[in-house]
Amino acid sequence: MQITAIDMNRDTYEIGLPIIQKAGVEHKINFIQSSALSALDELLEDDANRESFDFAFVDADKVNYQKYHERLLQLVKVGGIIVYDNTLWFGTVAMPEEFVKESQKRNRLHIIELNKFLANDDRVQISQVPLGDGITICRQL
Ligand SMILES: C[S@@+](CC[C@H](N)C(=O)[O-])C[C@H]1O[C@@H](n2cnc3c(N)ncnc32)[C@H](O)[C@@H]1O
């Protein structure tokens, strides 16, 4: 098994690195320091990467989740899983806007759009799981 981990900030990866090293799995991780969109586009340039991933977990900038989805559908195998984090956005997706903190409003709208989009996307079967801040599990059909 191999893991490709993408983050524009290497410090974030390094927070978990001691645990990864303790588990003896550092050699299985290919860390790419980059914006996720350009890293995914670069992966797609190599045909060998297409439909080669079993699983993807997305927990980055909410504004780009739909763009990640389009790319990940090309990288993940049929039957593979894509998980999006924060899809309840602190519960605000189900609140009237007047009760939402100013700081949460922008991403709330991006997440509401994503949730509607995924619910209507017939390329995936989804399960919205109220775990933590909400995750959406998508199985590619
Ligand atoms: C909430 S943290 C991820 C935490 C991690 N999933 C965990 O559970 O420990 C979000 C991360 O997304 C990264 N990030 C934000 N926008 C990004 C982008 N456009 N491309 C790549 N990484 C990005 C940030 O640097 C940050 O490390």
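Above this text sits the structure in question.
All values derive from a computational prediction rather than experimental measurement.

A. Examining the layout of surface pockets more closely. Roughly 1100 Å³ of internal volume is contained in the largest pocket. Taken together, 35 residues make up the lining of the largest pocket; nearest its centre are T4, A5, I6, F57 and V58. If you list the elements that add at least two residues to the lining of the largest pocket, you get β1 (3–7), α1 (10–22), β2 (29–33), α2 (36–45), β3 (53–58) and α3 (65–75). Looking at which element gives the most residues to the lining of the largest pocket, the answer is β3, with six residues. Class assignment of the residues belonging to the lining of the largest pocket gives a composition of 23 nonpolar, eight polar and four charged.

B. Structural context of the packing of aromatic side chains. Summed over all chains, the structure comprises three aromatic pairs. Seen in terms of ring centroids, Y13 and F31 are 4.3 Å apart; in terms of plane orientation they differ by 5°. Their pairing is stacked. Placement of the pair is Y13 in helix α1 and F31 in strand β2, with a sequence separation of 18 residues. The class of Y13 is buried, set by a relative accessible area of 12%. Using a relative accessible area of 16% as the deciding quantity, one classes F31 as buried. Seen from their ring centres, Y65 and Y84 are 5.5 Å apart, and the 40° between their planes marks the pair as tilted. Pair noted here: Y65 is in helix α3 and Y84 is in strand β4 (residues 76–85), with a separation of 19 residues, a long-range link.

C. Quick peek at the packing of α2 against α3. Running from N to C, α2 and α3 point in directions that differ by 25°, and their axes come no closer than 10 Å. By the criterion of interaxial angle, the relationship of α2 to α3 is roughly parallel. Considering the relative orientation of α2 and α3, their crossing is left-handed. Seen from α2, the contacting residues are A36, L37, L40, D41, L43 and L44; seen from α3, they are K67, Y68, R71, L72, Q74 and L75.

Rules behind the numbers
The written sequence of each chain sets the order in which its residues are numbered from 1. Per-residue local features of the predicted model are confined to residues with pLDDT of at least 70, and side-chain atom pairs are confined, for both listing and counting, to 80 or more; whole-chain, interface and lining totals are unaffected and use all residues. Derived side-chain values reflect all non-hydrogen atoms in the structure, with water molecules and hydrogen atoms excluded from consideration. A pocket here means an open set of points on a 1 Å grid, computed over the protein atoms alone, that has protein on both sides within 12 Å along at least five of seven lines. A cavity is instead a set of points where a 1.4 Å probe fits but cannot get out; residues with an atom within 4 Å of a point line either one. Grid points are joined across faces, edges and corners, and a volume is the space filled by probe spheres set on the points. Helix and strand definitions follow DSSP, with helices as H or I runs of at least four residues and strands as E runs of at least two, each counted in order from the N terminus. Residues are grouped as follows: nonpolar covers Ala, Val, Leu, Ile, Met, Phe, Trp, Tyr, Cys and Pro; charged covers Asp, Glu, Lys and Arg; every other residue, Gly included, is treated as polar. Pairs were defined over the aromatic rings of Phe, Tyr and Trp, the Trp ring being its six-membered one, requiring ring centres within 6.5 Å. Orientation was assigned from the angle between planes: stacked under 30 degrees, edge-to-face over 60, tilted for the rest. Accessibility here uses a 1.4 Å probe with only protein chains present; expressed as a share of the type maximum, an area under 20% marks a residue as buried, one over 50% as exposed, and anything in between as partly exposed. Note on geometry: axes are C-alpha line fits, over the in-contact stretch for helices, and angles between N-to-C directions span 0 to 180 degrees. By the definition adopted for this analysis, an angle is roughly parallel if under 35 degrees, roughly antiparallel if over 145, roughly perpendicular if from 65 to 115, and oblique otherwise. Note on convention: near helix rotated counterclockwise from far helix by under a right angle means a left-handed crossing. Clockwise means right-handed. By definition, residues are in contact when any of their heavy atoms lie within 4.5 Å.

All we've got here are geometric facts, nothing functional implied.
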